[in-house]
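Tertiary structure, described
Chain by chain, the residues run as shown.
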Amino acid sequence: MSKEPRTLAQKVWDRHVVRRAEGEPDLLYVDLHLVHEVTSPQAFDGLRMSGRRVRRPDLTLATMDHNVPTIAGPQDPVSVAQMEALRRNCDEFGIRLFPTGDIGQGIVHVIGPQMGLTQPGLVIVCGDSHTSTHGAFGALAFGIGTSEVEHVLATQTLPQREPGTMSIRVDGDLPHGVGAKDVILGLIARIGTHGGAGHVVEYRGSTIRSLSMEGRMTVCNMSIEAGARAGMIAPDDTTFAYLEGRPHAPSGLDWEHALEDWRSLATDPDATFDREVKIDASELTPYVSWGTNPGQTVSIDDVVPEPTDEAAERALAYMGLEPGTPIREIRPDTVFIGSCTNSRITDLREAAAILHGRTVRKGLRAMIVPGSMLVKRQAEEEGLDDVFRAAGFEWRDAGCSMCLGMNPDQLAPGERSASTSNRNFEGRQGKGGRTHLVSPAVAAATAVAGHFCTPEDL
Amino acid sequence: MQPFTTHIGKAVPLDRADVDTDQIIPAEYLKRIERTGFGPFLFDSWRSDPDFVLNRPGYAGATILLAGLNFGSGSSREHAVWALEDHGFRVVISPSFADIFRNNCTKVGLLPVELPADTVRRLMDLVLDDPATEITVDLDSKRVSAPGLEATFEIDDFTRWCLLEGLDDIGLTLRHEDAIGTFEAARSPWLPTTAR
């Protein structure tokens, strides 16, 4: 559109504008719409009430993830009804669905990339705030509400105002034992839960470039925890190597065309951002959240901080923590490795490498929930499940599981977790539950030691 | 959605920052497949405390929520807006909203009003002093008034027009179906589809 230098986010935006009119939001085309059972039933009802159809079922994909049980047993009838509603809606409107029991089923933000559907340059939406995950491929991907889900189903477009641009540059080598989860936790601890509000973040710099696709997904996943509209990383050879050969990735001559196009997406050298943040990777450490939002996070080497405001006081009271307590002295009751943040094969391999030949501390509950049934199968082919079981971890089926308290995997009131998920909000993992956000490495080591620690501490 | 023009009502002060949508409505109540009936579960865990501000008799019947910084962060669940609306709220006033929550509000017809932190503080003090204080929110003139206080707020003209008229924005978009069709016809053939 414009000859001016553009950022990655602006380039993707520009090529999706269906209609632009003075004083109105841009009408943006959606390339891929992901649907799950919780935020869609009212949208399908809306379509029925107004006699509308789904414009592009072939750009829509549904799965069951939020309230699926991850273990065989009796099922909550209300959850079953919601999953059945999704099944009926997908039948009626011709949408491809991965239901429970299907090898394609999994967390919506794990299966899109796994299938090769998540590609650079796309606009991807889903009625889920962690849609930002897909930005790891250089897609503009963001969460929407149910009214907007209905809008996309009916029109394959969304009226949107162009967000601001924000560069977060992380340069340098990560210290030993510091991973992608620590990059994003350390960032949110610095800029806060509203630090990215109104902006699409582009993660840049040598540290980001050196991350695997799984690591990049972990970083982009938690963009929303910094309040950002979306998080993106320019596609590069790491991206292309991940995509090549996946079922829905282009092939043959199409692959060549796609590569040429994808390489043109990177932010122009002289483009400017509305906001810029720089982080020195050497300053990052393993992190553990102590409070009730992801910004309330400190280094594992630190202590529970003195409260500086009423919110911190309330958080400490809820978490049952005393200021000055070394983080390493806090003892969780449960360790959860899973969620759309950290349930991919590399996360499981990392955990297995630490757990190999070790056992979970007596009295501690530990579970690993793969992000998709295909991740589960791959892990089993690699023998990781044997390592987990031998260590005393439960090995489950795919789903959102203990990341959010809407399936049977929950914390009891007062129970404390070390969790690789993304939110430590009050009650997030079950009413009265106390969540500490950590990396898979810290989670695995903590399960062995019984208190927060790194693998090096073992 | 019902049109929003002017609203006069009592307000309840929820003086907390970073109130996430998990607090507004916990996940366990998201299993319902209807759009209504979420009001009883609004702020569910906090409401078990008899001293929680929404439980205080003076604020019964309040239709305006005065909230802290970064209200509605976290999960995209529109159920949070449905719960506020079902409880009887028509306006939320805060120094800042999380982006998805603000979007969801405008789709449902719950008016998100952003005012400077000190103005929100003064409004909270007014209703803390006298819970019967009435606040007027006029969308047409983008003005909030209370005894001894006048403030204006920003909202883009398009969203304001949709709210004033109670418009169905899917209907608005479908007026541009030709443009959507033209755009679709020009998309690269190698772009992915979800078909097998």
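Residues numbered from 1 in each chain as written. Chains lettered and ligands numbered in written order. Predicted model: local features only at pLDDT ≥ 70, side-chain atom pairs only at ≥ 80, totals over all residues.

**Examining the domain arrangement of chain B**
- Each assigned domain of chain B is listed with its residue range as follows: domain 1 (6–165) and domain 2 (168–196).
- Computed over C-alpha atoms, the centres of domain 1 of chain B and domain 2 of chain B are 35 Å apart. (Domains from an automatic or database assignment.)

**Notes on the interface of chain A and chain B**
- Taken residue by residue, the interface counts 63 residues in chain A and 46 residues in chain B.
- Only β1 (17–19), β2 (26–29), α2 (41–49), β4 (60–63), α3 (77–93), α5 (146–155), β8 (157–160) and α10 (253–263) of chain A provide two or more residues apiece to the side of chain A that touches chain B.
- Element by element, the count of residues in the side of chain A that touches chain B is highest for α5 of chain A, at seven residues.
- Classifying every residue of the side of chain A that touches chain B gives 22 nonpolar, 27 polar and 14 charged. (Contact = placed C-beta atoms within 7 Å. Helix = DSSP H or I, 4+ residues; strand = E, 2+ residues; numbered from the N terminus. Nonpolar A, V, L, I, M, F, W, Y, C, P; charged D, E, K, R; others polar.)

**Let's talk about the environment of A141 of chain A**
Residue and element names in this part refer to chain A.
- The topology assignment puts A141 in strand β7 (residues 140–143).
- The spacing of A141 and M402 is 261 residues in sequence and 24 Å in space, taken between C-alpha atoms.
- With residues up to four places along the chain from it excluded, the contact list for A141 reads I124, T131, S132, H134, G135 and A230.

**Description of helix α8 (residues 213–221) of chain A**
Residue and element names in this part refer to chain A.
- The element α8 is largely enclosed, with a buried count of nine among its nine residues.
- Burial in α8 covers these residues: M213, E214, G215, R216, M217, T218, V219, C220 and N221.
- For α8, the elements touching its buried residues are α4 (108–115), α6 (180–191), β10 (199–204), β11 (230–232), α9 (237–243) and α12 (345–355). (Buried ≥ 20, exposed ≤ 12 C-beta atoms within 10 Å, placed from the backbone.)

**Here we look at the pairing of strand β5 (residues 134–138) of chain B**
Residues and elements named next belong to chain B.
- Here β5 shows a buried face lined by I135 and V137 and an unburied face lined by E134, T136 and D138.
- Pairing of strand β1 (residues 6–14) with β5, which is carried by five bridges, proceeds in the antiparallel orientation. Paired with K10 across the bridge in β5 is E134.
- Two elements, β5 and strand β6 (residues 143–146), share three bridges in a ladder whose sense is antiparallel. Opposite D138, over in β6, you have R143 as the bridge partner.
- Turn length for the β5-β6 hairpin, with the two strands adjacent in sequence and antiparallel, is four residues, and the turn residue K142 shows positive phi of about 55°. (Pairing = 2+ DSSP bridges.)

**Quick word on the pairing of β6 of chain B**
Residues and elements named next belong to chain B.
- Summarising the sheet, β6 and strand β7 (residues 149–152) pair through four bridges and their orientation is antiparallel. Note on β7: the bridge partner recorded for V144 is A151.
- Hairpin connection, β6 to β7: the antiparallel pair is bridged by two residues, and G148 has positive phi, about 80°.

**Description of the environment of S343 of chain A**
Residue and element names in this part refer to chain A.
- Relative to the helices and strands, S343 resides in the loop between β15 (334–337) and α12.
- Along the chain, S343 and V375 lie 32 residues apart, while their C-alpha atoms are 8.2 Å from each other.
- Among residues more than four places away in sequence, those in contact with S343 are I107, V110, G338, V369, P370, G371 and V375.

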